[in-house]
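# Reading the structure
Letter by letter, the chains look like this.
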Amino acid sequence: MTSPVASAGMLIRRSNDEVFEAFIDPAITCRFWFSRGSGRLAPGAEVRWDWDMYGVGTDVKVKAIEPGRRILIDWDNRSNPTEVEWRFEPRGEHTFVTVENRGFHGTADEQVATALDSTGGFALVLAGAKIWLEHGLDPRFVPDRHPDHHVPGWKDPA
């Protein structure tokens, strides 16, 4: 059996530069994905992404940046890293974004379960990015995906 790959894609009706920047700059990314990030993505950078509503975070190592075209990172860099790659394809005035997550750990069944969960998660991230970039609305997909797992005392800023 080959290792599973999580994959999601979405057309975002914004310029390629604007969409690419939304995934590089944590001040924008936190509007539709994580709660906070420690810094911009840049080649060789190590950053921290946190989801305060769940009390979790991950360390990210940036492996490659091709401006306007590609971002490649190691996700969960400190424990069981997997590779995540975003590709940005201009489509006229719009951008088609694909994301792949690969290199899952564990048994074959555990890898498949993690890949399925990752596919769903990245599909929501791309949908959230689309809604934020096209309409300026936070659809609350990430905090609402697992509302029973919020950290006690966490206050929704919405």
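Below is a short write-up of the structure.

### What about the pattern of salt bridges?
One pass over the structure, following the stated rule, counts 22 salt bridges. A salt bridge links Glu85 to Arg70; the nearest nitrogen and oxygen atoms lie 2.5 Å apart. On the criterion of sequence distance, the pair formed by Glu85 in strand 6 (residues 82–91) and Arg70 in strand 5 (residues 70–75) is long-range, its members being 15 residues apart. Between Glu134 and Lys130 there is a salt bridge; the shortest N-O distance is 2.9 Å. With a gap of four residues between them, Glu134 and Lys130 both fall in helix 3 (residues 108–135), about one helical turn apart. Through salt bridges with shared partners, a single network forms among Lys63, Glu66, Arg69, Arg70, Asp74, Glu83, Glu85, Arg87, Glu100 and Arg102.

### Topic: the sheet that holds strand 1 (residues 6–12)
What the seven strands build is an open sheet, ordered 1-7-6-5-4-3-2; its pairing is antiparallel. The open sheet has two edge strands, strand 1 and strand 2 (36–37), and neither has a second partner. Pairing of strand 5 with strand 6, which is carried by six bridges, proceeds in the antiparallel orientation. Bridging across to strand 6, Ile71 finds its partner in Trp86. Helix-sheet contacts for helix 1 (residues 16–24) involve strand 1, strand 4 (56–66), strand 5, strand 6 and strand 7 (94–102), and the interaxial angle to strand 6 is about 160°. Relative to the sheet, helix 3 contacts strand 1, strand 5, strand 6 and strand 7, its axis offset from that of strand 1 by approximately 15°.

### Focus: the environment of Ala27
When you line up the elements, Ala27 lands in helix 2 (residues 26–29). The exposed category is assigned to Ala27, whose relative accessible area is 53%. Considering only alpha carbons, one finds Ala27 and Asp148, 121 residues apart in sequence, at a separation of 26 Å.

### Details of the nonpolar core
The biggest cluster of nonpolar side chains holds 34 residues, and the ones touching the most others in it are Phe23, Trp33, Trp49, Ile71 and Trp86. Put simply, the parts of the chain that give this core at least two residues each are strand 1, helix 1, strand 3 (46–51), strand 4, strand 5, strand 6, strand 7 and helix 3. At six residues, helix 3 tops the list of elements feeding residues into this core. If sequence neighbours within four positions are ignored, Trp49 has contacts with Trp33, Phe34, Arg36, Gly37, Leu41, Val56, Gly57, Thr58, Val60, Ile73, Trp75 and Trp86.

### With respect to the packing of helix 1 against helix 3
Here helix 1 crosses helix 3 at 120°, and the two axes come no closer than 11 Å. By the criterion of interaxial angle, the relationship of helix 1 to helix 3 is oblique. Where helix 1 crosses over helix 3, the handedness of that crossing is right-handed. Side by side, helix 1 and helix 3 meet where Glu18, Val19, Ala22 and Phe23 of the first sit next to Val125, Leu126, Ala129 and Leu133 of the second.

### Topic: the pairing of strand 7
Bridge count for strand 1 against strand 7 is seven bridges, and the pairing is antiparallel. Residue pairing for strand 7: Gly9 is matched across the bridge by Thr98. Where strand 6 meets strand 7, nine bridges bridge the pair, whose relative direction is antiparallel. Looking at the pairing, Trp86 lines up with Val99 of strand 7. From the end of strand 6 to the start of strand 7, which pair antiparallel, there are two residues, and Gly92 there has a positive phi angle of about 65°.

### Side note on the layout of surface pockets
Of the volumes computed, that of the largest pocket is approximately 690 Å³. If you trace the largest pocket, you find 23 residues lining it, with Trp51, Trp75, Asp117, Ser118 and Arg145 closest to the centre. Mapped by element, the contributors of at least two residues to the lining of the largest pocket are strand 4, helix 3 and helix 4 (141–145). Empty space within the second largest pocket amounts to approximately 270 Å³. Lining the second largest pocket are 17 residues, and of these Cys30, Ser35, Asp138, Arg140 and Pro157 lie nearest its centre. Residue classes in the lining of the second largest pocket are distributed as eleven nonpolar, one polar and five charged.

Procedures and definitions
- Residues numbered from 1 in each chain as written.
- Predicted model: local features only at pLDDT ≥ 70, side-chain atom pairs only at ≥ 80, totals over all residues.
- Heavy atoms only, no water.
- Salt bridge = Lys/Arg side-chain N within 4 Å of Asp/Glu carboxyl O.
- Helix = DSSP H or I, 4+ residues; strand = E, 2+ residues; numbered from the N terminus.
- Pairing = 2+ DSSP bridges.
- Contact = heavy atoms within 4.5 Å.
- Axes fitted to C-alpha atoms, helices over the stretch in contact; angles between N-to-C directions.
- Buried < 20%, exposed > 50% of the residue type's maximum accessible area, 1.4 Å probe, protein only.
- Core = buried A, V, L, I, M, F, W, Y, C linked by side-chain atoms within 4.5 Å.
- Parallel < 35°, antiparallel > 145°, perpendicular 65-115°, else oblique.
- Left-handed = near helix turned anticlockwise from the far one by under 90°.
- 1 Å grid on protein atoms, 1.4 Å probe; cavity = no way out; pocket = protein on both sides within 12 Å on 5 of 7 lines; lining within 4 Å.
- Points joined across faces, edges and corners; volume = space filled by probe spheres on them.
- Nonpolar A, V, L, I, M, F, W, Y, C, P; charged D, E, K, R; others polar.

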